[in-house]
Amino acid sequence: MKLVYFASVREAIGLSSEECHVPQDACTVGDLVARISELSEDHARALHDLDRLRFALDQEMVTGDTLLGAAQELAIFPPVTGG
Amino acid sequence: MKIVRISNAAIQSDAGLAALADLGGGGLASFTGIVRDDGGVAAIELEHYPSMTEASLHRLIDDATARWSLLGAVITHRVGIVPVGAPVVVVGAASLHRAEALEATAFLIDRLKTEAPFWKREHYADGSAKWVDAKASDDARAERWA
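Parameters and conventions
Residues numbered from 1 in each chain as written. Chains lettered and ligands numbered in written order. Predicted model: local features only at pLDDT ≥ 70, side-chain atom pairs only at ≥ 80, totals over all residues. Heavy atoms only, no water. Phe/Tyr/Trp six-rings, centres within 6.5 Å; stacked < 30°, edge-to-face > 60°. Helix = DSSP H or I, 4+ residues; strand = E, 2+ residues; numbered from the N terminus. Buried < 20%, exposed > 50% of the residue type's maximum accessible area, 1.4 Å probe, protein only. Pairing = 2+ DSSP bridges. Axes fitted to C-alpha atoms, helices over the stretch in contact; angles between N-to-C directions. Contact = heavy atoms within 4.5 Å.

**Q** What am I meant to see in the packing of aromatic side chains here?
**A** For any two aromatic rings, the description comes down to two numbers: the centre-to-centre distance and the angle of the planes. Per the stated rule, a full pass over the model turns up 7 aromatic pairs over all chains. Considering the side-chain rings of W68 of chain B and W145 of chain B, the 5.5 Å spacing of their centres and the 80° angle between planes classify their relative orientation as edge-to-face. Taken together, the residues span a long stretch of sequence, with W68 of chain B in the loop between α2 (50–67) and β4 (72–78) and W145 of chain B in the segment after α4 (136–143) at a distance of 77 residues. A relative accessible area of 11% places W68 of chain B in the buried class. An aromatic cluster of three or more residues is present, and its members are F6 and F77 of chain A together with Y49 and W119 of chain B.

Listed below in structure tokens is the structure:
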């Protein structure tokens, strides 16, 4: 799956996107984010507080308990601040 | 009529509104968001999620159109570096009578602030920069329309 990061999450991880293998036991967005946070110290720092993160699966806003299904792209970012 | 524009260049405060004025309605309402000098802010920088942004703004207009009888709506949003005093966003709605246009305009900007994938970073005159935190008051305003 393609992972894309924005704003403070992108800066903390030091990447705007990367590819990741989805473990078979990762069923939900929250499961996968927990696994991604194990990739490095930077990932752990960026992703430790799930309550302060928002997610989009294939460009649709979702919550942590959403099933990954056959999605191609997971975006992880802080709450939006446009307008 | 639905118009969504994401712009890297300066936008005019009447961006897209002229088209709404020509639809035969009796009411045209709009909101313009402007970068303010908040404690030494020189400019803001707007990042967005290009493959998602336009679709999310179109959906906001679709939601507004389903809720109110509108003749048209426009959303124009800046990205990149925007200096103090310049418009960041222009939202407008046209309808036969004023109530629909006024309410739809408030709906569009309130929901845009909590749903559209944009992030602001403040740049200060001393060269420092800081990501803007989302505000609980914005969530509360958006929830009025739930």
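**Q** How do you make sense of the sheet that holds strand β6 (residues 87–95) of chain B when you look at a structure like this?
**A** Sheets are built from strands paired through backbone hydrogen bonds, the pairs being either parallel or antiparallel. Residue and element names in this part refer to chain B. Reading across the sheet, the 4 strands line up as β1-β4-β6-β2 and stay open at both edges, with mixed pairing between neighbours. Only two strands of the sheet have a single neighbouring strand rather than two, namely β1 (2–7) and β2 (27–34). Between one strand and the next, the sheet's axes are offset by a mean angle of 5°, whatever the strand orientation. Alignment of β4 against β6, held across 6 bridges, turns out to be antiparallel. Opposite A73, over in β6, you have A93 as the bridge partner. Helix-sheet contacts for α2 involve β1 and β4, and the interaxial angle to β1 is about 150°.

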